[in-house]
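# Commentary on secondary and tertiary structure
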Amino acid sequence: MSLRRPILILALGSLVVAGFGLRDWPVDGARATTFADRAFETYGLSVRVEGAASLTLLPLPRLTLNRVRVATASGGPALAEDGRLVLDLDPLSLLAGRAAVGGLRLDGARLSADADWRAPVSRLAEQARAGATVRPRRLTVSGARLAGGDEARDIDLDLAWPFWSASAEGSASLTWRGVPTRITLANLRPAELVQGRRSPFTAEVTWAGGNLAAEGTVAAPGAGTALPVLAGKVRAETRSLPECLAWIGRDVPLSPLAGAFSIAGRFETTDRAVSWPSLRIGLGRNVLEGAGAVALGPGDAPRLSVQATLAAESLDLAPLVGDLRQVLDREPRPLALGPFTRGDLDLRLSAAEGRAGPVQVQDLAASVLVRNSAIEVAVNRARIQNGTFKGRVILASGSDPAATEMRAQGSLDRLDLGSLLNDIGAARWLTGPAHGQFALEASARDSAALLARLGGRASLVVEGGTITGLDLADVIHRNGAVAPGALARRNGRTAFERAAITLRFVDGIGEIAEAGLIGPSVGASLHGQVSLPERRVRARGSLALRPSSDPLRGLVFEIAGPLSAPTAQTVARGEAAEPAERAGEALLTDAFKEPAALGIPGMARAYAP
């Protein structure tokens, strides 16, 4: 007999068997639930089938359950429901009469946002410690979403732990709060974790605005803790820190002031805390290195606490200066501290050099403290044009969270005014070492009201200086006229021994309490007001020769106009508030005869390397 006929019969039989094997055979829902319950009870789970069930035999046996509800065996809330569950059955276990699951696929399920997976994971760990080898080797979730909102959707998850490998790996993709996100995990050894040993791991998270990558070791949570213990290296970056924090639902102090951000370094975790023995932070164009720690406080809404000691070779302070300049804008800006104090910060900062806009700063040591409803910024030391600056600003909120109370004080010593004017692009019309101090305070809801309520005192003294481009003695001889011609202005000089001014502020109006100039050949005094809310100055002064050989040889002048472009002109002598001849002999008070020296209070915790 020809072999053709048996082959055709065998092929036809194979097709019939394959057809029957590939067909989805309906299964009684109660029996399907009983079978699934036996398979899941080992892990402390229960399954209820509310839809149709079917069995497919080829290529591997699998049981499909529609509209399933998965919950803990103790009767807790549903972990997943309204999805289709496909169980890949283990053929060897079926032959042995056991209901064992080799793989799980869950499609279109609604996942509980409050799901507690601790019991199933604990059961799985107990089995692994006991040496059991029967376990789901693959878990796949597709098209899932979190119940109770649109926070997480399009969840796809694939976890694999083959029986021939000690390592498990997984990947996930989802749309979290409208942003597509992808997560990968590799090189994890679950058996070592359940045995209480450390396992290596590699993980990466990417999203539209940044990425995070970490590698190192992980250990199971300790007694009384919920988070695993990690150690290794981490690298993260985002194009906008405020946007990233709003996306993940976390707040850090001063985050609205940040922009592009990156962090890299070695890290270690304990319960609710992460420490960086060494780290490198990128903040805009700045790169800082040092050490730090982050901790979460207790409670359901924990407050973040950040501590860091950082140093930089070069520091660009221009963005911060730009934010501070907005306070002086005519447009009122809110001053509520709430967005800036959503967390605690203890930052100690040092830099070899820096730049605040056009002004160069050297040897900077500063600290920033943020607490609930309070910010303190202290400059312990900063060298500016051969001079030293020290200062502190405290911002605090009281009973009205929209209002901010500001207190500022500081001092400068031997600051080279000529070099400073050159740095900011102004003419070097005044040179000499400057000493000064200020102590100011105010409370308001916006920047305009803050200036309108400013009170305090500020003073400035210049010793052994020169006014360039103007010869005041020649102005007196010319009865107030300035010598014409550019050459005369270039050659004009007024040397002085001491020039000083003191302003006392009340409600944003600075009263010129004491002001004067004493030189070898000329003397001057000044009184008037400076209005910060209106940005205007109006003052009157007298100018006279020294020593005063002729009481009538003197001038009375008036300075008025906007602070950005004031004008000066002489006035009739009879309108003067005081005789001009006294100006040349006016003596400065003792307050101006000593360099300003305002120390930083001991409570200002600045870092000094």
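How each quantity is defined
Residues numbered from 1 in each chain as written. Predicted model: local features only at pLDDT ≥ 70, side-chain atom pairs only at ≥ 80, totals over all residues. Heavy atoms only, no water. Helix = DSSP H or I, 4+ residues; strand = E, 2+ residues; numbered from the N terminus. Buried < 20%, exposed > 50% of the residue type's maximum accessible area, 1.4 Å probe, protein only. Contact = heavy atoms within 4.5 Å. Areas by Shrake-Rupley, 256 points an atom, 1.4 Å probe, with all protein chains shown as cover. Core = buried A, V, L, I, M, F, W, Y, C linked by side-chain atoms within 4.5 Å. Salt bridge = Lys/Arg side-chain N within 4 Å of Asp/Glu carboxyl O. Pairing = 2+ DSSP bridges. pLDDT = per-residue confidence, 0-100. Patch = residues over 30% accessible without salt bridge, like charges linked within 9 Å, V, L, I, M, F, W, Y side chains within 5 Å. Expected span 1.5 Å × (residues − 1). Arc of directions from axis to C-beta.

Tallying secondary structure elements over the protein gives 12 helices and 32 strands in all. A buried classification covers 38% of the 609 residues belonging to the protein. Contacts spanning at least 24 positions in sequence make up 51% of the contacts within the protein whose residues lie at least 6 apart. By element, 57% of the accessible surface of the protein is carried by carbon and sulfur atoms, the whole surface being about 32,800 Å².

Of note in this structure, Asp154 is not a glycine but carries a positive phi near 50 degrees. Structurally, Asp154 is set in strand 9 (residues 152-160). With relative accessibility at 42%, the residue Asp154 sits in the partly exposed group. Phi at Ser373 takes a positive value of approximately 65 degrees, unusual for a residue other than glycine. Relative to the helices and strands, Ser373 is located in the loop between strand 20 (359-371) and strand 21 (374-384). For Ser373, a relative accessible area of 28% translates into the label partly exposed.

Further remarks concern the nonpolar core. Ranked by size, the top nonpolar core spans 60 residues in total, and within it Leu310, Leu315, Leu345, Leu364, Phe496, Leu517 and Leu543 carry the most contacts. Counting residues in hydrophobic clusters, the runner-up holds 29 residues, among them Leu63, Val68, Ala80 and Leu174.

The next point concerns the environment of Asn422. Here Asn422 lies in helix 8 (residues 417-423). The partly exposed category is assigned to Asn422, whose relative accessible area is 47%. Sequence-wise, Asn422 and Pro358 are 64 residues apart; in three dimensions their C-alpha atoms are separated by 9.4 Å.

Tallied over the full model, the rule gives 19 salt bridges. Of the charged contacts, one joins Arg445 and Asp400 as a salt bridge, the two residues approaching to 2.8 Å between their closest N and O atoms. Taken together, the residues Arg445 in the loop between strand 25 (433-444) and helix 9 (447-452) and Asp400 in the loop between strand 22 (387-396) and strand 23 (404-416) connect sequence positions 45 residues apart. Residue class for Arg445 comes out exposed when judged on its relative accessible area of 51%. Residue Asp400 is classed as partly exposed on the basis of its relative accessible area of 26%. The closest approach of N and O atoms between Arg540 and Glu558, which form a salt bridge, is 3.2 Å. Of this pair, Arg540 sits in strand 30 (residues 536-545) while Glu558 sits in strand 31 (residues 554-562), placing them 18 residues apart in sequence.

Below, the discussion takes up the pairing of strand 28 (residues 509-518). Here strand 27 (residues 493-506) pairs with strand 28 via 9 bridges, running antiparallel. Across the sheet, residue Thr502 finds its bridge partner in strand 28, namely Glu514. Between strand 27 and strand 28, which follow one another and run antiparallel, lie 2 residues, and Asp507 among them has a positive phi close to 55 degrees. Hairpin geometry of strand 28 and strand 29 (residues 522-531) is characterised by an intervening segment of 3 residues between the two adjacent antiparallel strands.

Take the confidence of the model for the protein next. On average, residues of the protein score 81 in pLDDT, and 83% of them reach the 70 mark or higher. By mean pLDDT, the top-scoring element of the protein is strand 12 (residues 199-207) (95), and the lowest-scoring one is helix 12 (residues 580-583) (37). The low-confidence segment residues 11-22 (pLDDT under 50) makes 9 contacts with residues lying over four places distant or belonging to another chain. Taken together, the stretch residues 575-609 has pLDDT below 50 and engages in 96 contacts with residues farther than four places along the chain or on a different chain.

Before going further, it helps to spend a moment on a nonpolar patch on the surface. A cluster of nonpolar side chains, namely Leu257, Leu320 and Leu324, defines an oily patch on the protein surface of about 270 Å² accessible area. With respect to the helices and strands, Leu257 occurs in the loop between helix 6 (241-248) and strand 15 (261-270). For Leu257, a relative accessible area of 40% gives the class partly exposed.

So, on to helix 2 (residues 29-40). Spanning 12 residues, helix 2 covers 16 Å between terminal C-alpha atoms, matching the ideal 16 Å at 1.5 Å per step. Of the positions making up helix 2, those classed as buried are Ala32, Thr33, Phe35, Ala36, Ala39 and Phe40. End-on, the buried residues of helix 2 take up no more than an arc of 165 degrees, which puts them together on one face. Away from its buried face, by an angle of more than 90 degrees, helix 2 presents the exposed residues Ala30 and Arg31.

Moving on, we come to the environment of Ala427. Examined against the element boundaries, Ala427 turns out to sit in the loop between helix 8 and strand 24 (430-431). By relative accessible area, Ala427 is classed as exposed at 57%. Linking Ala427 and Thr468, residues 41 residues apart in sequence, is a C-alpha distance of 9.2 Å.

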